[in-house]
Every structure is written in C-alpha cells, then in structure tokens.
Amino acid sequence: MSRRTYLLRKLIFALVTIFVVLVINFVLFRVLPGDPVRAVIGRNVKISAEAQQALRQQFGLDKPIFPDQFLDTLRQWAQGNLGISWSLRRPVAEILMSKLGNTLLLIGLGQLLSIILGVFLGLFAGWKRKTVFDVAALTFSLIAWATPTFWLGIILLAAGSSWLGLPTGGIVSPENVGKPLYTVLPDLARHLVLPTLTLTILYLGEYMLIMRSSILEVLSEDYILTAKAKGMSPWQVLWRHALKNAMLPIVTIVALNLGFTVSGAIYIETVFSYDGLGKLFQTALVKQDYPLLQGAFLLLAVSVIVANFLADILYTALDPRVKAN
Amino acid sequence: MRESWLLFWRNLREFWRVFRHNRMGMIGAFLLLSAVLIALFAPFLSPYEPSLVIRDATGRGLTFAPPAVHGPLGTDDAGRDVWTQLVYGARISLLVGLLAGFIAMFIGSLLGILAGYFGGWIDTLIMRVTDVLLVIPDLPLMLVLVATLRQMELKISPLVVLILVIGLLYWTSTARLVRSQVLSIKERQFVARARAIGAGHFHIIRRHILPQLMPLIVANTVLILSTAILIESGLSFLGLGDPTQPSWGTMLNFAFDRNAISNGAWWFYLPPGLAIVWVSLGCVLLGNVLEEMLNPRLTAHHLEGDVRVRPLEGEGAYG
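Just so it is clear, the structure is predicted and the values come from calculations on it, not from any experiment.

Caption draft 1: Spatial organisation of the overall build of chain A. If you tally the helices and strands in chain A, you get 15 helices and zero strands. Each principal axis of the C-alpha atoms in chain A carries an extent, and together these give about 85 × 55 × 35 Å. In chain A, buried positions account for 35% of the 325 residues. Within chain A, counting contacts between residues at least 6 apart in sequence, those at least 24 apart form 74% of the total.

Next up, the structure:
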C-alpha cells in the first residue's frame, strides 16, 4: 500500500467518523421531548401559538425529519450556527470559541510536561531494567492508572491550597478577570500549577510505560549491537540510535490519547473551576442546557477525529518504513 | 457431565497451585475479594442505616464531625456516618461495575467471535464500528447519552442508565482481543476436523472455540471491571449517579459540592477515593496475572500432539 492510498483510506475513515458523530448529535437532539422551537428560543420565553407556528415554518420544522431537516441542520452546523445556549442566552459557537484557548493552554501544558518527563523516565527505566528505579516507575504507572482523575485533582487541590497557599480555582484572581491573559502572567501561572500537575501525573504513567517497552525493544535490535561494537559509549548509543527510534510509538499514543485527554480536561476543569470547554461541558450538563451540550460534544468529537488524522499524516512522514512502502 | 466436572475441578486445583505463588495475583485477589466481602456484609459492619443523621446530645445534626468526635470516619455535611456510607457505597459501585462489565464482555465476545469466525463483510463491518467508537471521545459521548436518556423521562433508575451506557460503549477492546484469538483458533486442525465430519457453525463455536476462549474472556472481564468502576465513579462524580443510593463516586460528588475541601473534612473525601483505587488496582493486578497465566493454554490443544492443556508449574510464562 503506497503512502497515498494509506492516507486516503485514513481520510475516508475520518470523514465517515465525523458523519457518524453528526448523525449521533442530530438523533439525540431530536429524541429529546418537547418542541424543538424551544431549543432555539429558550424554554421560558412566552410566545403565542401563531408566532410559534411561524417559527416552525421559518426553521423548517414542518418538513420531514429525514432528509430535509437533517440536511438543513448539517447546513446550519457547517456555517458555524450551533444554536443559542438556554442558560447563557448567547450563540453556542461564540461561547465555545471563547473557552477553547483556555482548554488548549491547559492540556497543551499537561501533555508537553508529561511527554518530556515520560520519555526520559521511561528511557531510564528501560535502560536500568529490573533496578529499584524501574520497579518504582512501574508501580507508579499502575497506581496512576487506577486513580480516578477527579480524585487526584481533589487531593492536590486540598494539599496545594492549604499547604502551599495556591489558588483553589479559576484561571486568574477575581481582580484580574477580563484583562488580557498575557498581562497577568504570574497570576495565571499560580492558577495553572495544580491543574497542570494533575494532568501531568495522570498521563506520565502511560508515556513512561510506552517509552520503556519501546526502548527495550529497540535495545535488542542488531544495530544497537553494531553501535556498541563500534565502541560507542552507552550514552551515545542511547542518544544517537535508541531514542530516535523508540520515540515513534509516542506520536501514535499522543493521538490515540486525545479522547482520554478530553475526558481528563472535563474532570480537572470541574474540580479546579477552570474556565474552559470541560467546565463548560459540566455546567451544560448540570443546567440541562442541551444546545450547549450538543455544540460542545460536536466540537470536542470533531477536533479529536481531525487531530487523529493529522497524527496519521505526521506518522507516515516520520517513519521511513511507511514512506518506503 | 460428571467427567467434565472432574476435569474442571482438577484444572481449578492445578490453577490454584500455580496462582498462589504469584504475589501480584494474590495481592489483586485480596484487594478485590475484601471489597466484595465488605459489600456483601455491609449491614453487619455498621450499626447505622446509611441515611441516618447522627445527632449530638442536644439533638442537633452532627455535621462534618471528625473521626475523633464520631465513629471511625466521622460524619458528612448532613451528619451521616461516613463509614456506613462507604460500606454501603461498595455495593453500588461494585454492582454497577460488575453489570456494566458483564454487558461489555458479552457484546465484545459475541462480536469478536462473529468477526473472527465468519470473516468477510461481517468482520469488516464490526471492525469499522469498533474503530469509529475508539476515535470518538468516550466521556463526552457518555455524558451526552446519559443526559438525553434522563431527559426522555423513561422512569428507569439512574443506575440502570449508567450500567447500560458503560456496558454498551466499552466492548471494543474485548471484541478486538477475542477476534484475534478466534482467528488463530479457527486455523487449528481440530476445527478443520470438526468441519470435515459435518459439524455446523454453532456447534463448532460452542464446543470447540468457546472453551478455548473462556480463560481469556475471564481475564479480560476482570480488567474491564476496573475500567467500569473508574468510569462509574467519574460519571457519578459529575452528578449522574443516584443520590438516594450513593456509590463512592456519588459520595465524592457530595463531598466536592458541599465544600468538604474548604471545611478540611478529609475523612469525607479521602476514603471513597481510596476505596476506588483499592478495587481498580485489585482488578488490574488480578486481570494482568490471569491473562498471563491463562493465555498460554490457547497455544496448544489436546488433539494437537502436545497434550499439555493446563499450565504447568515452573514454566517461565506463569512465574
């Protein structure tokens, strides 16, 4: 299979998956009881029967659900029109966009830190196999896996706020709300410490494990033996030959983990009242704000699918074996 | 019938002989079993009803009382005994996890067998559905599903909704695992022989493939159980549990919502989380060891020259 056919297949798969997400979103929205007109104008707005009928026609709700209404809805979504939030009374798309940056900042930092730490600790654990360090690393990964994200957040929140005096929630202190984030960096950093730490601990274990098994596999290859035979020092072997090859699985794992990352963001933003998409999702859930919930789901799901596809492209670019085929 | 029971018994004894020397496996089994026993004997472990409000001498509810003032684990925001909540919560957490895990295991095994055994378009279809499910972020999907199901006012318990949603979404890893095993089993000679003497598909699957798969499915179910319990705790923490039948996740939801952290009530938010780690760690340890021990059985069959059906002591793979 050439690289082009491989990517084409991945592209078709991504498109089909996005379509499935669109269908799920549409179907769930339609099985909700009550009048869809309410979904647009809000639940408690008083409106006459005639006006309601006029709205039904205007939004095409008198037409058959499939295909007319479905295609209509798709067109709306494609134009970025995700409806109006019931609780916030603002367009859903606008609300989502205002929170996206905060979430990307949090999960970006968490992923970056856990990848860097995970790669080095995993490398070391694999290299020093069956030593105390290796056993400790394995135990840590196991316990991190078995710990619920939100509970780890709660513990760090309790410990960090009472012992270190770190802020308990939000993205900046109340007096700095509304100012551009780059003007209040020290305050922002203090608020980011605990949520980022939670995310890092959470992902660290997995990256460490992947890196460890990857390096063990690479170290058993013939070219490592050759490098050693040439008289290279262990560090040179590790740095010049092993690390580069062992890094490949990390790319795939980062992509595969994106869904997991999104889950982590929902829990952690809830615990730390961090003003991002995850917290928004939880608020929409509690307030039963369906347009907001559906919009947030659409955005999260489609981003993860697209990111997975991008990771596939990156992988084929990085791995010469895929290129050669 | 009698003979197969004898064989089963012998296999079990043989299994135990190897298993009891495996430290990880024994720790895992201890963690899981102790939680199950606590859940079963909850009424004997606490003198109170879970919803009872503990009162002081003046008749006022004893809220956020530390362990030094009341019971082994103090009281919660409403004055209820935390230890009692914890042991009764074990019932809910384990039950939801078990039932969800069984649904996932059943769907996963069924689809895995169908895909692996029949191949062709059935295989393609099932595997594509699995791929799609793996890419869609699971927590947002579950939250949207649960929210919709609740809004539909179906008059079913929130716990049943949780069980169904977790069970119906977490079968993908089982399906993949079972499929790959079926692919290798169906190439074996004994399947070809059964087919040659005219055995039907159902007979071959039931009599020749399923028995070979069983150990793997058991090990996988234990692993799925840990996922199901973790997911249940998360969904309940986000407020999707049943407040009248609190699981460990629901307890943490209460603790967080009612400011146990700012009140310094560590006895309210630490124990439920530790309990979740206790059980999920137990499942992971036990599941991994079972998988390691039981899997080699799939590499040989008693009709294929090598008569070894059971794991034998002293072999590297089982150590």
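Caption draft 2: Broad picture of the overall build of chain B. The number of helices and strands found in chain B is twelve helices and zero strands. Helices and strands in chain B line up, N terminus first, as α-α-α-α-α-α-α-α-α-α-α-α. Dimensions of chain B along its principal axes, counting C-alpha atoms only, are 80 × 45 × 35 Å. Sorting the 319 residues of chain B into buried and exposed places 44% on the buried side. When contacts within chain B are restricted to residue pairs at least 6 apart in sequence, those whose partners lie at least 24 apart make up 71%.

Caption draft 3: Examining the interface of chain A and chain B more closely. Contacts between the two partners involve 37 residues from chain A and, on the opposite side, 33 residues from chain B. Mapped onto the side of chain A that touches chain B, the elements with two or more residues apiece are α1 (3–31), α6 (132–146), α7 (149–163), α12 (258–271), α13 (277–286) and α14 (290–318) of chain A. Broken down by element, the residue count for the side of chain A that touches chain B peaks at seven residues, all from α14 of chain A. Looking at the side of chain A that touches chain B residue by residue, the classes come out as 29 nonpolar, eight polar and no charged.

Caption draft 4: Expanded view of the confidence of the model for chain B. With 92% of its residues at a pLDDT of 70 or more, chain B shows a mean pLDDT of 85. Predicted confidence for residues 297–319 of chain B stays below pLDDT 50, and this span has 28 contacts to residues more than four positions away or in other chains.

Caption draft 5: Representation of the environment of Gly170 of chain A within the structure. All names here are of chain A. Counting through the fold element by element, Gly170 comes out in the loop between α7 and α8 (185–219). For Gly170, a count of 16 C-beta atoms within 10 Å translates into the label partly exposed. When the C-alpha positions of Gly170 and Asn102 are compared, they lie 11 Å apart, and in sequence the two are 68 residues distant. Once residues within four sequence positions are removed from consideration, Gly170 is found in contact with His191, Ser273 and Asp275.

Caption draft 6: Inspection of unusual backbone geometry at higher detail. Residue and element names in this part refer to chain A. Phi at Arg89 takes a positive value of approximately 55 degrees, unusual for a residue other than glycine. Tracing the chain through its elements places Arg89 in the loop between α4 (65–78) and α5 (92–127). A positive phi angle, close to 65 degrees, is found at Lys130, a residue other than glycine. Note that Lys130 resides in the loop between α5 and α6.

Caption draft 7: Looking closely at the nonpolar core. Core analysis: the biggest nonpolar cluster contains 155 residues, and Leu293 and Ala296 of chain A together with Val146, Leu162 and Ala228 of chain B have the highest contact counts within it. If you tally residues by element for this core, the top one is helix α10 (residues 201–240) of chain B, at 17 residues. If we skip the residues at most four places from it in the chain, Ala228 of chain B touches Gly97, Ala100, Gly101, Ala104, Ile166 and Tyr170 of chain B.

Caption draft 8: α7 of chain A, seen in detail. Taking 1.5 Å of rise per residue, the 15 residues of α7 of chain A would be expected to cover 21 Å, and the 21 Å separating its terminal C-alpha atoms lies within 8% of that figure. Taken together, the buried positions of α7 of chain A are Thr149, Phe150, Trp151, Leu152, Gly153, Ile154, Leu156 and Leu157 of chain A. Those residues of α7 of chain A hidden inside the fold are in contact with α8 and α12 of chain A together with α10, α11 (248–257) and α12 (266–294) of chain B. A positive phi of about 65 degrees marks Gly165 of chain A, the residue just after α7 of chain A.

Caption draft 9: Local environment of the environment of Glu269 of chain A. Residues and elements named next belong to chain A. Turning to its location among the elements, Glu269 is positioned in helix α12. For Glu269, a count of 28 C-beta atoms within 10 Å gives the class buried. As for Glu269 and Phe281, which are separated by twelve residues in sequence, their C-alpha atoms are 9.7 Å apart. Discounting chain neighbours no more than four positions away, the residues touching Glu269 are Tyr274, Gly276, Gly278 and Lys279.

Caption draft 10: The arrangement of the packing of helix α2 (residues 23–40) of chain B against α12 of chain B in detail. Residues and elements named next belong to chain B. The N-to-C vectors of α2 and α12 enclose an angle of 140 degrees; their axes lie 7 Å apart at closest approach. The angle between α2 and α12 falls in the class oblique. The interaxial crossing formed by α2 with α12 has left-handed handedness. For the pair α2 and α12, contact is made by Met24, Gly25, Ile27, Gly28, Ala29, Leu31, Leu32 and Ala35 and by Trp278, Val279, Leu281, Gly282, Cys283, Leu285, Leu286 and Val289, respectively.

Caption draft 11: The environment of Phe254 of chain B, seen in detail. Residue and element names in this part refer to chain B. Of note, Phe254 is situated in helix α11. A count of 24 C-beta atoms within 10 Å places Phe254 in the buried class. When the C-alpha positions of Phe254 and Tyr269 are compared, they lie 9.0 Å apart, and in sequence the two are 15 residues distant. In this structure Phe254 touches Asp76, Asp77 and Pro246, once residues within four positions along its chain are discounted.

Caption draft 12: A look at the packing of α13 of chain A against α14 of chain A. Residues and elements named next belong to chain A. Contact geometry for α13 and α14: axes closest at 9 Å, N-to-C directions at 145 degrees. Like other packed secondary-structure pairs, α13 and α14 cross with a definite hand, here left-handed. In this structure, α13 contributes Leu277, Leu280, Phe281, Ala284 and Leu285 to the contact, and α14 contributes Leu292, Leu293, Ala296 and Leu300. By residue class, the composition of the contact of α13 with α14 is nine nonpolar, no polar and no charged.

Rules behind the numbers
- Residues numbered from 1 in each chain as written.
- Chains lettered and ligands numbered in written order.
- Predicted model: local features only at pLDDT ≥ 70, side-chain atom pairs only at ≥ 80, totals over all residues.
- Helix = DSSP H or I, 4+ residues; strand = E, 2+ residues; numbered from the N terminus.
- Buried ≥ 20, exposed ≤ 12 C-beta atoms within 10 Å, placed from the backbone.
- Contact = placed C-beta atoms within 7 Å.
- Nonpolar A, V, L, I, M, F, W, Y, C, P; charged D, E, K, R; others polar.
- pLDDT = per-residue confidence, 0-100.
- Core = buried A, V, L, I, M, F, W, Y, C linked by C-beta atoms within 7 Å.
- Expected span 1.5 Å × (residues − 1).
- Axes fitted to C-alpha atoms, helices over the stretch in contact; angles between N-to-C directions.
- Parallel < 35°, antiparallel > 145°, perpendicular 65-115°, else oblique.
- Left-handed = near helix turned anticlockwise from the far one by under 90°.

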